[in-house]
Amino acid sequence: MHGKRALVNTLSPGDSVLMVETGHFASLWRAMALKLGLEPEFLSLAGTDADTGLPNAWRHGVSADLVEERLRKDTAHRIQAVCVVHNETSTGVTSDIAAVRRAIDAARHPALLIVDTISGLASADYRHDEWGVDVTVSGSQKGLMLPPGISFNALSPKALARSEQAKLPRAYWGWEEIVEMSATGYWPYTPNTNLLYGLSEALDMILDQGLSRIFARHKRWSLGVRAAVRAWGLPVQCADGALHSPVLTGVITPIGVDADALRKLIHARFDLSLGTGLGKVRGRMFRIGHLGDCNDLTLLATLAGVEMGLKLAGVPIAGSGVAEAMSYFAQEAAS
Ligand SMILES: *Cc1c(COP(=O)(O)O)cnc(C)c1O
């Protein structure tokens, strides 16, 4: 639902939008754009990774060069918006949003920049104003540690101005009534009061810890998990060293090992629920989340469950990931 509000407020039926295939959530957003009567164009890295058989597009972030090249060709400025996912939860790869902004500016293109940071907000560094984003889309159910049920849009003045001309039907999703009523502290409909109480508590916790410490903590967890995956000798899905998600790690299973059968075994034996491979990578990878309210020991327990599961499933591993993560966490003090 979160991505919908951004699209219906800024676009009109038949508008071209440039979206970038970074994984399942980008693909779902594109499917939603199609359903809304937009004309999404899906930019995608070509090819398949020879070692793992996975599509390259699902192991890398948004290529700002490809975006710039495409926008430069759009001399008539038909493309109305560039839509990208900041933290692709299906792959564990982030994208350099500031670089996408620079690409749009370098092409001197007026398209809006719309970004999904549903799973990035409050866990990975993100700067709506500084990075020149027009609409940021987020939700309550990931780094804000709440149940699903609230979605957020942050708007630039340009996005607000564009919304006055946009013609897609909005009904409940319209910004105008919300912006108008929020000036007096109200919401145009019955608000999700119970979640707003939760949000207030979550924000107190977050501000109490401080965003920079929270970002550092997630990054450190991602480094610890990566040390474990490396020790097992399995490939991490993110193939770009600078773009590893601090929020989750995608682990690719060897060709011939069904990642979902492994997940099922681990769930049955150890009551540990791992994220499934979604869309094009179903059965080829699983996801370890290190998001929000967790700690070194819960993460080590997760890694232990995975390591035992790999052994039970007869998947050859090079060494102990748990031991490696323990030494990493013992050295690196939590900030
Ligand atoms: C969880 C998630 C979504 C889906 O949110 P909905 O509440 O189902 O709309 C979209 N994008 C990303 C990156 C996500 O992590």
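Residues numbered from 1 in each chain as written. Predicted model: local features only at pLDDT ≥ 70, side-chain atom pairs only at ≥ 80, totals over all residues. Heavy atoms only, no water.

Moving on: the overall build of the chain. Scanning the chain for helices and strands turns up 11 helices and 11 strands. Radius of gyration (C-alpha) of the chain: 21 Å, near the 20 Å computed for a compact globule of 335 residues. C-alpha atoms of the chain, sized along the principal axes, occupy 60 × 45 × 35 Å. Burial statistics for the chain: of 335 residues in total, 52% are counted as buried. Sequence separation of 24 or more characterises 67% of the internal contacts of the chain that already satisfy a separation of 6 or more. Averaging the locations of the 32 positively and 34 negatively charged side chains of the chain gives two centres separated by 4 Å. (Helix = DSSP H or I, 4+ residues; strand = E, 2+ residues; numbered from the N terminus. Rg over C-alpha atoms; globule rule 2.2 N^0.38 Å. Buried < 20%, exposed > 50% of the residue type's maximum accessible area, 1.4 Å probe, protein only. Contact = heavy atoms within 4.5 Å. Lys, Arg positive; Asp, Glu negative; His and termini not counted. Charge placed at Lys NZ, Arg CZ, Asp CG, Glu CD.)

So, about the nonpolar core. Counting 28 residues, the largest nonpolar core has Ile288, Leu303 and Val306 as its most contacted members. Secondary-structure elements contributing two or more residues to this core are α8 (211–232), α9 (259–270), β11 (285–289), α10 (296–312) and α11 (321–331). Leave out the neighbours within four places in its chain, and Leu303 touches Val225, Ala228, Trp232, Ile288, Val322 and Ala325. Among the nonpolar cores identified, the runner-up in size contains 23 residues, and Val20, Leu71, Ile104 and Ala107 belong to it. (Core = buried A, V, L, I, M, F, W, Y, C linked by side-chain atoms within 4.5 Å.)

Looking now at the site of the ligand. Near the ligand lie 11 residues; those nearest to it are His2, Thr89, Asp116, Gln141 and Lys142. Lys142 places a polar side-chain atom, nitrogen or oxygen, 2.7 Å from an oxygen atom of the ligand. When the free accessible area of the ligand is taken as 390 Å², the share hidden by the protein chains comes to 77%. Split by residue class, the shell around the ligand holds four nonpolar, five polar and two charged. (Near = heavy atom within 4 Å. Polar contact = N/O pair within 3.5 Å; in protein donor to acceptor, adjacent residues only side chain to side chain. Areas by Shrake-Rupley, 256 points an atom, 1.4 Å probe, with all protein chains shown as cover. Nonpolar A, V, L, I, M, F, W, Y, C, P; charged D, E, K, R; others polar.)

Our next topic: the domain arrangement of the chain. Interfaces are often described in size by the accessible area the parts lose on coming together. Segmenting the chain into domains produces domain 1 (2–202) and domain 2 (211–331). The interface of domain 1 with domain 2 comprises 29 residues on the first partner and 29 residues on the second. Summed over the three residues of domain 1 that lose the most area to domain 2, namely Leu54, Arg59 and Ser123, the buried surface amounts to 23% of that side. The tally of links between domain 1 and domain 2 comes to one salt bridge. Notably, a salt bridge pairs Glu21 with Lys280, separated by 2.7 Å at the nearest N-O pair. Linking domain 1 with domain 2 are 10 residue pairs in polar contact (both at pLDDT 80 or more), by the criterion used here. Contributing elements (two or more residues each) for the side of domain 1 that touches domain 2: α2 (24–35), β4 (87–88) and β5 (93–94). Of the residues belonging to the side of domain 1 that touches domain 2, the class tally is eight nonpolar, 14 polar and seven charged. (Domains from an automatic or database assignment. Buried area = accessible area lost by both parts, 1.4 Å probe. Salt bridge = Lys/Arg side-chain N within 4 Å of Asp/Glu carboxyl O.)

Before going further, it helps to spend a moment on the side chain of Ser151. Checked against the element boundaries, Ser151 lands in strand β8 (residues 151–155). Within the structure, the side chain of Ser151 is placed 3.2 Å from the side chain of Arg5, a separation counted as a polar contact.

Right, let's get into the sheet that holds strand β9 (residues 248–252). One open sheet holds the three strands; their spatial order is β9-β11-β10, and the pairing between them is antiparallel. Two strands bound the open sheet, and with one partner strand each, they are β9 and β10 (275–276). By the bridge criterion, two bridges tie β10 to β11 in an arrangement that is antiparallel. In the sheet register, Gly275 faces β11, and the bridge partner there is Arg287. (Pairing = 2+ DSSP bridges.)

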